[in-house]
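Single-letter residue listing:
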Amino acid sequence: MQARMKNPAVVIPEAMQPVLDLLKAARTGGVPETTLELVHLRASQINGCSYCVVGGAQSARKAGESDERLFAVAAWREAPFFTDAERAALALTEAATRLADSSEGVPDAVWDEAARHYDERQLASITLMIGVTNLFNRINATTRQVAGPTW
């Protein structure tokens, strides 16, 4: 596989820092780092962004995630390795990443379950992580960034 072009945030370097600042801000909401890494990984899997799946798995391992849990993220509903709070975050990730799959976008039941486990600041953190991950995924998948190398 070969990239179609350099990463757009490298081509337009003024874009890189604001995106990285948003990512940094998403990590300040009080959600465990491992949960945010799972959110990033799951959205990247859904979007087929190999660059972010590989990078996300590596980042999650650095944050303390086990291989067992990383291997099971794609099948989190059937795997016994996740807490109820993590399941709520993963369900929210899937709904927000697949907005077009539901006439109501993120169903109230999914939101309400997440709100049962996370306060408003934490929900903001998760929502920002989902959004910035989807941005990364769309940039990387569109330009076919190759998994492995860094920007």
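Anything mentioned here points back to the structure above.
Residues numbered from 1 in each chain as written. Predicted model: local features only at pLDDT ≥ 70, side-chain atom pairs only at ≥ 80, totals over all residues. Heavy atoms only, no water.

K.L.:
Honestly, the state of the cysteines in this entry has me stumped. Any pointers?
P.N.:
Here, the word disulfide means a covalent bond between the sulfur atoms of two cysteines. The full count for this structure, using the stated rule, is zero disulfides. With no disulfide partner, Cys 49 has as its closest neighbouring cysteine sulfur the one in Cys 52, 3.4 Å distant. Judged by relative accessible area, Cys 52 falls into the buried class, the value being 6%. (Disulfide = S-S within 2.5 Å. Buried < 20%, exposed > 50% of the residue type's maximum accessible area, 1.4 Å probe, protein only.)

K.L.:
For this particular structure, what's the right way to read the side chain of Glu 86?
P.N.:
Its place among the elements puts Glu 86 in helix H6 (residues 84-97). Taking relative accessible area as the criterion, Glu 86 reaches 8% and is therefore assigned buried. In this structure the side chain of Glu 86 is engaged in a polar contact, spanning 2.9 Å, whose partner is the backbone nitrogen of Thr 83. Leaving out residues up to four positions away in the same chain, Glu 86 has contacts with Thr 35, Leu 38, Arg 69, Phe 81 and Tyr 118. (Helix = DSSP H or I, 4+ residues; strand = E, 2+ residues; numbered from the N terminus. Polar contact = N/O pair within 3.5 Å; in protein donor to acceptor, adjacent residues only side chain to side chain. Contact = heavy atoms within 4.5 Å.)

K.L.:
Sorry, what's going on with the packing of H6 against helix H8 (residues 120-143) here?
P.N.:
Between two packed helices, the angle of one axis relative to the other and the distance separating the axes together describe the packing. Interaxial distance between H6 and H8 falls to 10 Å at its minimum, and their mutual angle equals 45°. Taken together, the axis directions place H6 and H8 in an arrangement best described as oblique. Considering only the axes of H6 and H8, their crossing is right-handed. Touching Ala 89, Leu 92, Thr 93, Ala 96 and Thr 97 of H6 are Leu 123, Ile 126, Ile 130, Asn 134 and Arg 138, all from H8. The class makeup of the residues in the contact of H6 with H8 is six nonpolar, three polar and one charged. (Axes fitted to C-alpha atoms, helices over the stretch in contact; angles between N-to-C directions. Parallel < 35°, antiparallel > 145°, perpendicular 65-115°, else oblique. Left-handed = near helix turned anticlockwise from the far one by under 90°. Nonpolar A, V, L, I, M, F, W, Y, C, P; charged D, E, K, R; others polar.)

K.L.:
Is there a simple way to think about the nonpolar core in this case?
P.N.:
Most often, soluble globular proteins keep nonpolar side chains buried together rather than apart. In terms of nonpolar packing, the biggest core is built from 33 residues, with Phe 82, Leu 92, Ile 126 and Met 129 touching the most fellow members. Only helix H2 (16-26), helix H3 (33-47), helix H4 (50-62), helix H5 (67-72), H6, helix H7 (108-117) and H8 provide two or more residues apiece to this core. Once you skip the residues sitting within four places of it in the chain, Ile 126 turns out to touch Val 31, Leu 36, Val 39, Ala 89, Leu 92 and Tyr 118. (Core = buried A, V, L, I, M, F, W, Y, C linked by side-chain atoms within 4.5 Å.)

K.L.:
Hey, could you run me through the pattern of salt bridges in this one?
P.N.:
Two side chains bearing opposite charge may form a pair once their charged atoms approach each other closely. Enumeration according to the criterion identifies eight salt bridges in this entry. Two residues, Arg 27 and Glu 33, come together in a salt bridge whose shortest N-O distance is 2.2 Å. Residue classification places Arg 27 among the partly exposed residues on the basis of a relative accessible area of 30%. In this structure, Glu 94 engages Arg 42 in a salt bridge whose closest nitrogen and oxygen atoms are separated by 2.8 Å. (Salt bridge = Lys/Arg side-chain N within 4 Å of Asp/Glu carboxyl O.)

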